[in-house]
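Here is what each chain is made of, one letter per residue.
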Amino acid sequence: MQDRAVSRGVVSLVFDDGYQDVFDHVLPLLRQRGIRATFAIPVDTERVARTEQAALASLETWKDVCHRDGHELAAHGVTHRPLTELDDVELERELRESQTATGATTLVYPGGAFDERVKQAATTVFRAARTTAWGVENLPPHDPYALRTLNATSKNFRRWKFQARELQALLVGQWVIETFHRVTAHPVHPHDVSLDDFSQHLSWLCRLPIRIATICDVMHDRAPLPTFAPPHNGNIP
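What counts as what
- Residues numbered from 1 in each chain as written.
- Predicted model: local features only at pLDDT ≥ 70, side-chain atom pairs only at ≥ 80, totals over all residues.
- Heavy atoms only, no water.
- Helix = DSSP H or I, 4+ residues; strand = E, 2+ residues; numbered from the N terminus.
- Buried < 20%, exposed > 50% of the residue type's maximum accessible area, 1.4 Å probe, protein only.
- Polar contact = N/O pair within 3.5 Å; in protein donor to acceptor, adjacent residues only side chain to side chain.
- Contact = heavy atoms within 4.5 Å.
- Phe/Tyr/Trp six-rings, centres within 6.5 Å; stacked < 30°, edge-to-face > 60°.

K.L.:
Help me out: how do you make sense of the side chain of glutamate 72 in this one?
P.N.:
Mapped onto the elements, glutamate 72 comes out in strand E3 (residues 72-75). For glutamate 72, a relative accessible area of 7% corresponds to the buried category. Polar contacts involving the side chain of glutamate 72 include one to the side chain of threonine 38, which spans 2.7 Å. A polar contact of 2.6 Å, which involves the side chain of glutamate 72, links it to the side chain of threonine 106. Beyond its immediate sequence surroundings of up to four residues, glutamate 72 is in contact with Ala37, Thr38, Phe39, Cys66, Thr105, Thr106, Thr214, Ile215 and Cys216.

K.L.:
What is the right way to look at the packing of aromatic side chains in this model?
P.N.:
Aromatic ring pairs are defined here through the distance separating the ring centres and the angle between the ring planes. Scanning the model with the defined rule gives ten aromatic pairs in all. The interplanar angle of 20° and the centroid separation of 5.3 Å between the aromatic rings of phenylalanine 15 and phenylalanine 39 together place this pair among those described as stacked. With phenylalanine 15 in strand E1 (residues 10-16) and phenylalanine 39 in strand E2 (residues 38-41), this pair connects stretches of sequence that are 24 residues apart. Grouping residues by exposure puts phenylalanine 15 and phenylalanine 39 together as buried. Judged by centre distance (5.6 Å) and plane angle (25°), the ring pair of phenylalanine 15 and phenylalanine 180 falls under stacked. Taken together, the residues span a long stretch of sequence, with phenylalanine 15 in strand E1 and phenylalanine 180 in strand E8 (residues 174-180) at a distance of 165 residues. Comparing phenylalanine 15 with phenylalanine 180, the two get one shared label, buried. Grouped by ring-pair contacts, the aromatic residues Phe15, Phe23, Phe39, Trp62, Trp134, Phe157, Phe162, Phe180 and Phe198 constitute a single cluster.

Below you can see the structure in the form of structure tokens.
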């Protein structure tokens, strides 16, 4: 099997918003397989939790686990408001404060909303930005501030569809960014993905001779860091 470090293709797993279900159930799966992912977390998680009517882990909690396990923490705004709706002063504040709070080099546009004004502002703060536009990127990407993704929802997450794109990336040297929101055993929201489906997808992905890396790693053209060791305390996700 081809070593992942020299694979022609790359897959990045991105989880938006910081749902408690992802913290509780996805993190252990990633740790078990030695995979590092990108977590896009808004600063004001309490506000987003009220809006989404769902439980979110706090930014500080995500910062701790990302530091411990080597995941990437991406900026996702302060209030999670669409950046295109903000005036210039508000936009600058959202970008600067979210970057300061997270230390991120990657921005994930809240709600995927961006335009040329927002993109230009992002270039002054971040190294890259991910959209919600459907697609696969070349290496290097044509526009690092308009990165496309395969956005998984309850309606479009079919494992064969994502697997086909991963095989394509492996064969021709492309970059697949896969975005998930809430991964749960009991999906009810349009953005939810079944935990069982995700677990099976992850098992498939781990059998491919393809590099799995964070957005930050790809943009910095770094080889993956050594696999972190599972914690001895089984109570920690």
